[in-house]
Amino acid sequence: LNFVLSLGFGVIIAGFVISAHELDENQNLQFADLFAGFQRHVGQLLLLGVLYLVAIFVLILISAAVILIFGGMSGGLGALMHGDSSAWGAGMLLGVLLGCLVFLALIVPVAMAIWFAPALIALNGMSAIDAMKLSFKACWVNIIPFLVYGLVLIGLSLLALLTLGLGYIVLLPVMYISYYTSYREVLTVG
C-alpha cells in the first residue's frame, strides 16, 4: 500500500490542487474535482512518483552504505582497541545515527524537487523533469520559508498523531490549501 501511495502521490495531490484552483478561480468546486488528477497529465504525475521512489531508494542505499562503513569501522576499531564486544554495539549505533543524518540531509533536496512538481504538472502541463527542476529552484529561492513551513508541518503532524490521528481531519485540508496558496504565491504571476 505504501508503494502504491508513493507511486501515485502526484496524482492524489494533483486532485487537491485542481480542486483548490477551481475554487480559487471559479468558485465552482465539485466533488469530482478531487479526482481530476486521474484525468489530467496522469502519465507525468505517475512518472513523478517513479522518480520519487527511485530517489528514495538511492537515499536508502547511500544511508545503508554509511551505516555499514562507519558503523562497521568504528565498531570494529572500538572492539579491537578495547577488546570488548559492547564497543562493537556502540560503534554500530554511531553508524546508524550517522546514516540517519545523511538520509535527512539528502531528503531535503528531494523534497524541494517534488514539492511544487504535482501542481506544476497538473496546472501548467509541465513534464515531470521540468517540474522538478522548477520546483527545486523555487524552493531554493525561498529556502527559509520552505524549511520553516516543513518544521511547522512536522510539529502539527505530531500534534495530530497525539489525537489518535483525528487531528488530520483538520490538518489535511489546511495543509493542502496552504500548499496551493504557496504554489500560487511563489510560481504564478498576478
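Look above for the structure.
All residue numbers here refer to positions counted from 1 along the written sequence of the relevant chain. This being a predicted model, a pLDDT of at least 70 is required before a residue's local features are given, and a value of 80 or more before pairs of side-chain atoms are given or counted; all residues contribute to the totals for chains, interfaces and linings. Excluding hydrogens and water, the side-chain figures rest on all heavy atoms present in the structure.

Trainee: So what exactly am I meant to see when it comes to helix H8 (residues 168–187) here?
Mentor: An α-helical turn contains 3.6 residues, so any two residues separated by three or four positions project in the same direction. Starting at the N terminus, helices and strands are each numbered in turn, a helix being any DSSP run of H or I of at least four residues and a strand any DSSP run of E of at least two. Multiply 1.5 Å by the residue count of a helix minus one, and that product is the helix's expected span. Helix length check: H8 (20 residues) gives 27 Å between terminal C-alpha atoms against 28 Å at 1.5 Å per residue, within 8%. Summary of the burial criterion: residues with accessible area below 20% of their type's maximum are buried, those above 50% are exposed, and those between are partly exposed, where the area comes from a 1.4 Å probe applied to protein chains only. For H8, the full list of buried residues reads Leu171, Met175, Tyr176, Tyr179, Tyr180 and Tyr183. The buried residues of H8 occupy one face: seen down the axis, they fall within an arc of 160°. With respect to the buried face of H8, the exposed residues turned more than 90 degrees away are Ile169, Val170, Val174 and Glu185. What the arc describes is the spread of directions from the helix axis to the C-beta atoms.

Trainee: So what exactly am I meant to see when it comes to the packing of helix H5 (residues 117–124) against helix H6 (residues 128–141) here?
Mentor: For any two helices packed against each other, one specifies the inter-axial angle together with the distance between the axes. To obtain an axis, a line is fitted to C-alpha atoms, over the contacting stretch when the element is a helix, and the angle between two such axes runs from 0 to 180 degrees between their N-to-C directions. Contact geometry for H5 and H6: axes closest at 8 Å, N-to-C directions at 125°. Taken together, the axis directions place H5 and H6 in an arrangement best described as oblique. Judged by the sense of rotation from one axis to the other, the crossing of H5 with H6 is right-handed. Mapping the contact onto sequence places Ala117, Leu120 and Ile121 in H5 and Ala128, Ala131, Met132, Leu134 and Ser135 in H6. Residue type decides the class: Asp, Glu, Lys and Arg count as charged, Ala, Val, Leu, Ile, Met, Phe, Trp, Tyr, Cys and Pro as nonpolar, and the leftover types, Gly among them, as polar. Of the residues in the contact of H5 with H6, the class split is 7 nonpolar, 1 polar and no charged. Reported orientations rely on four angle classes, namely roughly parallel under 35 degrees, roughly antiparallel over 145, roughly perpendicular from 65 to 115, and oblique for the rest. Left-handed is the label given to a crossing in which the near helix is rotated counterclockwise from the far helix by less than a right angle, and right-handed is the label when the rotation is clockwise. Only heavy atoms matter for contacts: two residues are in contact if any of them lie within 4.5 Å across the pair.

Trainee: Where do I start with a nonpolar patch on the surface in this structure?
Mentor: A cluster of nonpolar side chains, contributed by Leu47, Val50, Val54, Phe57, Val58, Leu61, Ile62 and Leu106, occupies part of the molecular surface with about 630 Å² of accessible area. Among the elements that make up the nonpolar patch, the one with the highest residue count is helix H3 (residues 42–82) (7 residues). Along the polypeptide, Val50 turns up in helix H3. Residue classification places Val50 among the partly exposed residues on the basis of a relative accessible area of 37%. The patches reported here contain residues having more than 30% relative accessible area and no salt bridge. Joining distances are 9 Å for like charges and 5 Å for nonpolar side chains (Val, Leu, Ile, Met, Phe, Trp, Tyr). Residue exposure ignores everything except the shown protein chains as possible cover, and the areas themselves are Shrake-Rupley values with a 1.4 Å probe. The working definition used for a salt bridge is a side-chain nitrogen of Lys or Arg within 4 Å of a carboxyl oxygen of Asp or Glu.

Trainee: Help me understand the packing of helix H2 (residues 9–26) against H5 in this model?
Mentor: H5 packs onto H2 with a crossing angle of 60° between their chain directions and a minimal axis gap of 8 Å. The orientation of H2 with respect to H5, classified from their angle, is oblique. Relative to H5, the crossing made by H2 is right-handed. Taken together, the residues of H5 that come into contact with H2 (itself represented by Phe9, Gly10, Ile13, Ala14, Val17, Ile18 and His21) are Pro118, Ala119, Ala122 and Leu123. Partitioning the contact of H2 with H5 into residue classes produces 9 nonpolar, 2 polar and no charged.

Trainee: Just checking my understanding: could you explain the pattern of salt bridges for this structure?
Mentor: Counted by the stated rule, this structure contains 2 salt bridges. A salt bridge links Arg184 to Asp24; its shortest N-O distance comes to 3.3 Å. Residue Arg184 is located in helix H8, and its partner Asp24 is located in helix H2; the two are separated by 160 residues in the primary sequence. Taking the relative accessible area as the measure of exposure, Asp24 reaches 31% and is therefore partly exposed.

Trainee: Is there a simple way to think about the environment of Leu134 in this case?
Mentor: The residue Leu134 is located in helix H6 in this model. Placed 18 residues apart in sequence, Leu134 and Phe116 show a C-alpha to C-alpha distance of 8.1 Å.

Trainee: It is not clear to me how the nonpolar core should be interpreted in this structure. Could you clarify?
Mentor: By nonpolar core we mean a set of buried residues, namely Ala, Val, Leu, Ile, Met, Phe, Trp, Tyr and Cys, connected to one another through side-chain atoms within 4.5 Å. Ranked by size, the top nonpolar core spans 33 residues in total, and within it Ile13, Val17, Leu48, Phe116, Ile121, Met132 and Tyr183 carry the most contacts. At the level of elements, H2, H3, helix H4 (85–115), H5, H6, helix H7 (143–162) and H8 are the ones that each hand at least two residues to this core. Among the elements that take part in this core, H2 stands out by supplying 7 residues, more than any other.

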